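Summary of the model geometry
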Amino acid sequence: MSFFNQPIQLGNLTLKNRVFLAPLAGVSDVPFRRICQELGAGLTYVEMLSATAIAYKNKRTFEMMARHASESILGVQVTGPSAEQVAHAVSVLDQQGFDTIDINMGCPVRKVVTAGCGSGILREPERISKTVELARSATARPLSAKFRLGYTREEVNVVNTVERVLAENVDMFTIHGRTRSESYSTPCDLMGIKLAIDTALSKQKSVIKVGNGDIFNYASARKMQEETTCDAVMVSRGALGNPWIFKEILLAETVQPEFAEWLDLVLRHLAYQEEFFGKTKLAAILARKHLLWYTKGFPSSKSLRDVLNRVEDLDEARAHLKNYAANIAKDCIRFAGSASELTSDYDPKYEMDRKLDRGVGDEGMEEQVNS
Ligand SMILES: Cc1cc2nc3c(=O)[nH]c(=O)nc-3n(C[C@H](O)[C@H](O)[C@H](O)COP(=O)(O)O)c2cc1C
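Residues numbered from 1 in each chain as written. Predicted model: local features only at pLDDT ≥ 70, side-chain atom pairs only at ≥ 80, totals over all residues. Heavy atoms only, no water.

The name an unreviewed UniProt entry assigns to the protein is tRNA-dihydrouridine synthase, from the organism Fluviispira sanaruensis. Within the UniProt record for the protein, the comment given under Function (unreviewed entry) is "Catalyzes the synthesis of 5,6-dihydrouridine (D), a modified base found in the D-loop of most tRNAs, via the reduction of the C5-C6 double bond in target uridines." (UniProt positions renumbered as here; feature names shortened; annotations may be inferred.)

This next bit is on the overall build of the protein. When helices and strands are tallied, the protein shows 16 helices and 10 strands. Relative to the globule expectation of 21 Å for 371 residues, the C-alpha radius of gyration of the protein, 20 Å, shows essentially globular dimensions. Dimensions along the principal axes, computed over C-alpha positions, put the protein at roughly 60 × 50 × 40 Å. Looking at the protein residue by residue over its 371 residues, the buried ones come to 60%. For the protein, contacts bridging at least 24 residues in sequence account for 71% of all contacts bridging at least 6. Summed over its atoms, the accessible surface of the protein is roughly 15,200 Å², and 50% of this surface lies on carbon and sulfur atoms. Of the charged side chains in the protein, 46 are positive and 47 negative; the average position of the first set lies 1 Å away from that of the second. (Helix = DSSP H or I, 4+ residues; strand = E, 2+ residues; numbered from the N terminus. Rg over C-alpha atoms; globule rule 2.2 N^0.38 Å. Buried < 20%, exposed > 50% of the residue type's maximum accessible area, 1.4 Å probe, protein only. Contact = heavy atoms within 4.5 Å. Areas by Shrake-Rupley, 256 points an atom, 1.4 Å probe, with all protein chains shown as cover. Lys, Arg positive; Asp, Glu negative; His and termini not counted. Charge placed at Lys NZ, Arg CZ, Asp CG, Glu CD.)

On to the site of the ligand, then. Of all residues adjacent to the ligand, which total 21 residues, the nearest are Gln77, Tyr184, Asn212, Asp214 and Arg237. Taking Ala25, its main chain carries an N or O atom lying 2.8 Å from a nitrogen atom of the ligand. Arg237 places a side-chain nitrogen or oxygen 2.6 Å from an oxygen atom of the ligand. Out of a free accessible area of 610 Å², the ligand has 96% covered by protein chains. (Near = heavy atom within 4 Å. Polar contact = N/O pair within 3.5 Å; in protein donor to acceptor, adjacent residues only side chain to side chain.)

On to the packing of aromatic side chains. Going through the model one piece at a time under the given rule, you end up with six aromatic pairs. Where Phe259 meets Trp262, the ring centres are 5.3 Å apart and the plane angle is 25°; that geometry is what we call stacked. Here Phe259 pairs with Trp262, and both are found in helix H11 (residues 259-277), just three residues apart, close to one helical turn. Trp262 matches Phe259 in its accessibility class, with the two residues each being buried. Between the aromatic rings of Trp262 and Phe298, the centroid separation amounts to 4.5 Å while the plane-to-plane angle is 65°, which identifies the pairing as edge-to-face. Of the two residues, Trp262 sits in helix H11 while Phe298 sits in the loop between helix H12 (281-294) and helix H13 (302-308), which places them 36 residues apart along the sequence. (Phe/Tyr/Trp six-rings, centres within 6.5 Å; stacked < 30°, edge-to-face > 60°.)

Another aspect to go through is helix H8 (residues 190-203). Under the 1.5 Å per step criterion, the end-to-end length of H8 is 20 Å for 14 residues, consistent within 8% with the ideal 20 Å. Along H8, the residues classified as buried are Leu190, Gly192, Ile193, Ala196, Ile197, Thr199 and Ala200. Each element contacted by the buried residues of H8 is listed here: strand E7 (143-150), helix H7 (158-167), strand E8 (172-179), strand E9 (208-212) and helix H9 (218-228). At the N-terminal boundary of H8, the capping side chain belongs to Asp189, with an oxygen 3.1 Å from the backbone nitrogen of Met191. Among the residues trailing H8, Gln204 stands out with phi positive, at a value near 50°. (Expected span 1.5 Å × (residues − 1).)

Moving on to the pairing of strand E10 (residues 232-235). Residue alternation in E10 divides its side chains into two sets, Ala232 and Met234 and Val233 and Val235, and both sets are buried. When strand E3 (residues 19-21) meets E10, the two strands line up parallel, connected through three bridges. What sits directly across from Phe20, in E10, is Met234. Bridge count for E9 against E10 is three bridges, and the pairing is parallel. Note on E10: the bridge partner recorded for Val210 is Ala232. With respect to chirality, the unit in which E9 leads through H9 into the neighbouring parallel E10 is right-handed. (Pairing = 2+ DSSP bridges. Right-handed = clockwise from strand over helix to strand, strands pointing away.)

Have a look at this one:
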């Protein structure tokens, strides 16, 4: 059995394996989570939620808390501008029945940080302690924090952050091996993660230590584990258009689905999309980004992406996919040229379509709430 394919205990929860899907704003909705769970993800999360929006009982935010009947274990993530707001949100999320709650201390998006949320907290170490302390008293469920190495390279403070969250008794932490100011072009700093994990090990506390950053296949997951000694990995961009990454890491071997299997899965994702969002234009618009990611790496697929990027109806998307399938060699291999193309440059800091980013830090949140 591979290292990753072993269960791990998170408080009262037994997670079936050690490969998690990150909370992904604008992405990790019910349909995508179902797909990742089917391909093996041991833990999945609802997209990051705003504590402010929860305080204002924002309708959209509560809709984002939806859970499918098949999701036996589901996590949620929250970010907020004050310890009190985060703690209040944690108590609400606890009552909503989420199995585990994570506090986001890493989101780099400017408007999130300006609102005092996400990685903004990394410059206020006292607030890190206070936030986890109050959150801890707001829930008995497994509690975790996800953070970066620091705000800038000059301000790396991950060891201190780990000491603080451990002192307030988190059950798990996830480290993304970059600073807030670094973009995806800076490689994930595994030694930075290792340093922080060593700190946790020296405290001899029972806590799950999760490594995150640049995991695009089994090789990079193994490298993360070997070089940092983390207990589990969290996959982010690596799952966009490639949910088979979970199967690959669990099997500890390259997984390349045949075209028929690929098409079957993409159509299943669209079926889940329709089940959840209805036969609506919104369902199609929200599916577009997934379709663009799924179709990357196939021969002559650029014109397919051009049309998929404009679909306003899921049936239209299905028709384009089936038409493409009818004209492509059945044994065609995705990324036949180079597997490295499975890596993604998608950076939400710059590229996330703000109109579709139904969540955190929206300007004028107070005006939008209850709308
Ligand atoms: C589309 C997108 C949305 C993201 N949303 C969140 C989020 O809601 N919460 C979070 O903690 N991290 C979020 N992240 C950051 C990732 O979880 C992860 O920390 C980061 O991408 C590094 O991992 P990677 O190099 O494997 O992608 C997001 C990343 C992407 C690409």
